Amino acid sequence: MTTSSPDDQEVAGLAARLREQRLSSRLTLEAAAARVGLSTAYLSRLETGRRQPSLPVLLGLARAYGSTVSGLLGEAPGDPDPVVRGGAIEPGKAGGWGYRRAGAPGRAMQALRVQVPPGLQDEVVRVHPGEEWLCVVRGRLRLTLGERVHLLEEGDSAHFDSLTPHCIAAESGDGVELLFLHTLLQSPGGELCLGGGTPH
């Protein structure tokens, strides 16, 4: 008898929550995909657990559904504890991105620990209201802001306006781990996509 691992269950849980959030937002698969700049087939794979979203995609879906990244990741709201204990980040099997909450849910800012896998990355450039801050904990990160490419080493950080077209990718061969903080400003056209291709 085959038993599913906690990692498999986590990916399945995220997939189910993505579908539930879309349905509760009264969006068809096609409409939701268009709103976030994804192909319908790719969003369908996310909702069935055959793929795991990259950080930009996860942020876009949270904004499109009027939710939060913590909500999509299954973090139950409650009395926020000011202390968030550390722990290992387990990379998902469907795409390799790994996430761990690093701040209390329900706040104006969201903090995450993120593992970005090596290899082909999400090349969709994101533009949306708000601010983002990130700090490289391990590995080397390629951060594209507008037309400039920045290579960040361990200990380097960046703080930028999210209306600047941006894209992140692992530059090191074993991926990169970073601390990521973003604000939750919303607007009707809050998630825009500027070329760069569709994730596969």
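See the structure shown above.
Here is a short report on the structure shown in this document.

Thresholds applied
- Residues numbered from 1 in each chain as written.
- Predicted model: local features only at pLDDT ≥ 70, side-chain atom pairs only at ≥ 80, totals over all residues.
- Heavy atoms only, no water.
- Salt bridge = Lys/Arg side-chain N within 4 Å of Asp/Glu carboxyl O.
- Helix = DSSP H or I, 4+ residues; strand = E, 2+ residues; numbered from the N terminus.
- Buried < 20%, exposed > 50% of the residue type's maximum accessible area, 1.4 Å probe, protein only.
- Contact = heavy atoms within 4.5 Å.
- Pairing = 2+ DSSP bridges.
- Axes fitted to C-alpha atoms, helices over the stretch in contact; angles between N-to-C directions.
- Core = buried A, V, L, I, M, F, W, Y, C linked by side-chain atoms within 4.5 Å.

Glancing now at the pattern of salt bridges. Applying the stated rule across the entire model yields 5 salt bridges. Notably, a salt bridge pairs Glu177 with Arg113, separated by 3.1 Å at the nearest N-O pair. With Glu177 in strand E9 (residues 176-183) and Arg113 in strand E2 (residues 109-116), this pair connects stretches of sequence that are 64 residues apart. Taken as a pair, Glu177 and Arg113 share a single burial class, namely buried. Between Asp174 and Arg138 there is a salt bridge, with the nearest N and O atoms lying 3.6 Å from each other.

So, about the side chain of Thr183. By the secondary structure assignment, Thr183 is in strand E9. Here Thr183 falls in the buried class, since its relative accessible area comes to 18%. Filtering out sequence-adjacent residues up to four positions away, Thr183 remains in contact with Arg63, Ala108, Met109, Gly130 and Glu131.

What follows is about the sheet that holds E9. With antiparallel pairing, the 5 strands of this open sheet are ordered in space as E1-E2-E9-E4-E7. For this open sheet the edge positions go to strand E1 (98-101) and strand E7 (157-161), each flanked by a neighbour on one side alone. Sheet twist, expressed as the mean angle between neighbouring strand axes with direction ignored, is 20°. In terms of strand pairing, E1 meets E2 through 4 bridges, oriented antiparallel. Pairing of Gly98 across the sheet is with Gln115, part of E2. With respect to the sheet, helix H4 (residues 55-64) is in contact with E1, E2, strand E4 (131-138) and E9, its orientation differing from that of E9 by roughly 25°.

The next point concerns the side chain of Glu47. With respect to the helices and strands, the residue Glu47 is situated in helix H3 (residues 40-47). By relative accessible area, Glu47 is classed as buried at 10%. Sequence-distant contacts of Glu47, that is, excluding residues within four places in its chain, are made with Ala15, Ala16, Leu18, Arg19, Arg22, Leu29 and Tyr65.

A word on unusual backbone geometry. Phi at Arg26 takes a positive value of approximately 60°, unusual for a residue other than glycine. The residue Arg26 is located in the loop between helix H1 (6-24) and helix H2 (29-36) in this model. Note on Arg26: relative accessible area 78%, which makes it exposed.

Glancing now at the nonpolar core. A general feature of soluble globular proteins is that nonpolar side chains tend to end up buried together. Formed by 39 residues in total, the largest nonpolar core has its most connected members in Leu55, Leu61, Val114 and Leu134. Residue contributions to this core peak at 7 residues, all from H4. The contacts of Leu61, once residues within four sequence positions are left out, are Leu18, Val36, Leu43, Leu46 and Leu72.

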